[in-house]
Amino acid sequence: MGSFDKIVNLCKNRGFIFPGSEIYDGLANTWDYGPVGVELKNNIKRAWWKKFVQEADNSFGVDADIFMNSKVWDASGHTASFSDPKMDCKCCKTRHRADNLIDAHSKKTVNPDLMSNEEMEQYIYNNKVPCPKCGKCDWTNIRNFNLMFSTSRGVTDEGQNLIYLRPETAQGEFVNFLNVQRSMRAKVPFGIAQIGKAFRNEVTPGNFTFRTIEFEQMEHQWFCKAENSLADYEVYKKKALDFLLSIGFNPEHLRYHDHDKLAHYAKAACDIQFLYPIGWEELNGIHHRGDWDLSRHQEYSGKSMLYLDPYTNEKYIPNVVEYSIGADRLTLAVLCEAYDEQTLEGGDTRVVMHFHPAIAPYKVAVLPLQKNLSEKAMEVYRKLSKNFMVTYDEAGSIGKRYRRQDEIGTPMCVTIDFDTLEDNSVTIRDRDTMEQIRLPIEKLVEYVSEKVQY
Ligand code: GAP
């Protein structure tokens, strides 16, 4: 695993992730995925969808709008209490999260999640916790800062309505519970999944794409009977971990972390943490949400959320087990996990990204040994690119071209040489072992398919 600095540099130089609006000196904490990064993130999203929708027994996808009726956010509790405890440094005027200040000062030996605002203020004053920017200790009191971005809807200035950019995708799944249940004739237990953008006006974003103000979430709500909900919660804890292992994570870099403070409606909640270069941090959450969400939507919308069980004729509001993971935070974890620096025989070093082949941005690189083999090489490229994302490179020595592909994690390099013109075969080099085999062109598609299967 590399340091954040090395990963940020590689991401910029190799087309994974660029700073947002860079030619205008950027916009803090915004990032744009480049040609290589967008493939990686799309493949991660596809793998997630495959596990949680396509291969799941009773789960359905939706794609809800980012804008929702503002009452949704009253019902969900976001307008009243989706906030961070912020403090301003009176000296340098920078804004900070009180809980983060305590985490950093106590090196996580004190848990601010268990403290009230007053207790956090006391801790910060008693311990003279300094401002990370200017080093002084002169703080305002804590104020709660709502994290939702708002805008207004309407064609004239008068009568404009306040609307929000959704801070989570989950509500799009809850408000469509009945639509999905009826249209798909779904029977409880069943799931609704969604991948989409969410927005949070985070007080202290940072650490590259770890915490940003615009990000994508992949969320899955499992609607189940109350008596089964705790068992189903355990099932989702395991499924969430299995998914991460299936896309190549080392189990030693993942751990469960139970929440210390539970919402009043929740019976259990935990995160899976990943060992980022900055230490153990949340990667995803699994939350037992009771019947809170559907009950609140019933109360605020006036529409019944009761489900009629066709087997028992009972009417009830289902419980929910939520599994939520940020696509960008996961992509960052995948990048950290894949990064490797190796010293080769002869003393050369190489940076290699060991992505699982299924999520690697490009599956194959086609490399003619010399430029006058490009016609044959393009023939191979066209054949492969009907099936996979393939890249083509004819510039520089073959050694340098291999290194470039290693750095973007291309699992296979196909070399076209003069023998190819005679025997219609190519050489395939494996990214991880660097071993090479010879294969007829007609067998290439089948060979690559097997290697990249997920
Ligand atoms: N619906 C539940 C929910 O949104 P959350 O713990 O606030 O729960 C779920 O967010 C996941 O979304 C997190 O585990 C993380 O992967 C991702 N996430 C949350 N805030 C983020 C941010 N500011 N930037 C990037 N990813 C974020």
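Residues numbered from 1 in each chain as written. Predicted model: local features only at pLDDT ≥ 70, side-chain atom pairs only at ≥ 80, totals over all residues. Heavy atoms only, no water.

S.K.: Can you walk me through the pattern of salt bridges in this structure?
M.R.: If the charged atoms of two oppositely charged side chains come close together, the side chains can form a pair. Evaluation of the coordinates by the stated rule reveals 31 salt bridges. Here Lys-238 ties to Asp-242 by a salt bridge, and the two come within 2.8 Å at their closest N and O atoms. You can see Lys-238 and its partner Asp-242 sitting in helix α9 (residues 229–246), four residues apart, about one turn around the helix. Residue classification places Asp-242 among the partly exposed residues on the basis of a relative accessible area of 34%. Put simply, Asp-293 and Arg-289 hold a salt bridge, and the shortest N to O gap is 2.7 Å. In terms of burial, Asp-293 and Arg-289 fall into one category: buried. (Salt bridge = Lys/Arg side-chain N within 4 Å of Asp/Glu carboxyl O. Helix = DSSP H or I, 4+ residues; strand = E, 2+ residues; numbered from the N terminus. Buried < 20%, exposed > 50% of the residue type's maximum accessible area, 1.4 Å probe, protein only.)

S.K.: Whenever I open this one, the domain arrangement of the protein confuses me. Can you help?
M.R.: Per the domain assignment, the segments of the protein are domain 1 (4–81 + 149–336), domain 2 (83–146) and domain 3 (362–451). One C-alpha centre belongs to domain 1, the other to domain 3, and the line joining them spans 38 Å. Contacts between the two partners involve six residues from domain 1 and, on the opposite side, six residues from domain 3. Taken together, both faces of the contact between domain 1 and domain 3 bury some 570 Å²; the carbon and sulfur share is 59%. Of all residues in domain 1, Arg-14, Val-36 and Glu-39 bury the most surface against domain 3, accounting for 65% of the area lost on that side. (Domains from an automatic or database assignment. Contact = heavy atoms within 4.5 Å. Buried area = accessible area lost by both parts, 1.4 Å probe.)

S.K.: What exactly am I supposed to notice about the packing of helix α12 (residues 374–385) against helix α15 (residues 444–452) here?
M.R.: Packed helix pairs are specified by the crossing angle of their axes together with the interaxial distance, meaning the distance between the axes. For the pair α12 and α15, the least separation of the axes is 10 Å and the interaxial angle reads 50 degrees. In terms of axis orientation, α12 runs oblique to α15. As α12 runs across α15, the sense of the crossing is right-handed. The segment α12 lies against α15, with Val-380, Lys-383 and Leu-384 engaging Leu-444, Val-445 and Val-448. Its residues assigned to classes, the contact of α12 with α15 comprises five nonpolar, no polar and one charged. (Axes fitted to C-alpha atoms, helices over the stretch in contact; angles between N-to-C directions. Parallel < 35°, antiparallel > 145°, perpendicular 65-115°, else oblique. Left-handed = near helix turned anticlockwise from the far one by under 90°. Nonpolar A, V, L, I, M, F, W, Y, C, P; charged D, E, K, R; others polar.)

S.K.: Teacher, can you tell me more about helix α5 (residues 98–106) here?
M.R.: Quick reminder: α-helices carry 3.6 residues per turn. Residues three or four places apart thus point the same way. Turning to α5, its buried residues number three or more, namely Ala-98, Asp-99, Leu-101, Ile-102 and Ser-106. The buried side chains of α5 occupy one side of the element, clustering within an arc of 160 degrees when seen end-on. Where α5 is buried, its residues contact β4 (83–88), β5 (95–97) and α6 (117–126). In the segment just after α5, Lys-107 is the residue with positive phi, at about 50 degrees. (Arc of directions from axis to C-beta.)

S.K.: How should the packing of helix α1 (residues 4–13) against helix α11 (residues 327–338) be read in this particular structure?
M.R.: Closest axis-to-axis distance for the α1/α11 pair is 11 Å, and the angle between their directions is 105 degrees. On the basis of their axis angle, the class for α1 and α11 is roughly perpendicular. For the pair α1 and α11, contact is made by Phe-4, Ile-7 and Cys-11 and by Leu-332, Leu-335 and Cys-336, respectively. Residue classes in the contact of α1 with α11 are distributed as six nonpolar, no polar and no charged.

S.K.: I tried to follow the site of the ligand on my own but got confused; where do I start?
M.R.: Inspection of the region around the ligand gives 20 residues, with Glu-168, Glu-202, Thr-212, Glu-219 and Glu-282 positioned closest. In this structure, Arg-200 approaches the ligand through a side-chain N or O atom, which is 2.8 Å from an oxygen atom. Between the ligand and Glu-202, the relevant distance is 2.7 Å, taken from a nitrogen atom to a side-chain nitrogen or oxygen of the residue. Relative to its unbound accessible area of 550 Å², the ligand is 91% covered by the protein chains. Secondary-structure elements contributing two or more residues to the shell around the ligand are β10 (214–224), β13 (279–288) and β16 (319–326). Sort the elements by how many residues they give to the shell around the ligand and β13 lands first, with five residues. Of the residues contributing to the shell around the ligand, the split by class is five nonpolar, seven polar and eight charged. (Near = heavy atom within 4 Å. Polar contact = N/O pair within 3.5 Å; in protein donor to acceptor, adjacent residues only side chain to side chain. Areas by Shrake-Rupley, 256 points an atom, 1.4 Å probe, with all protein chains shown as cover.)

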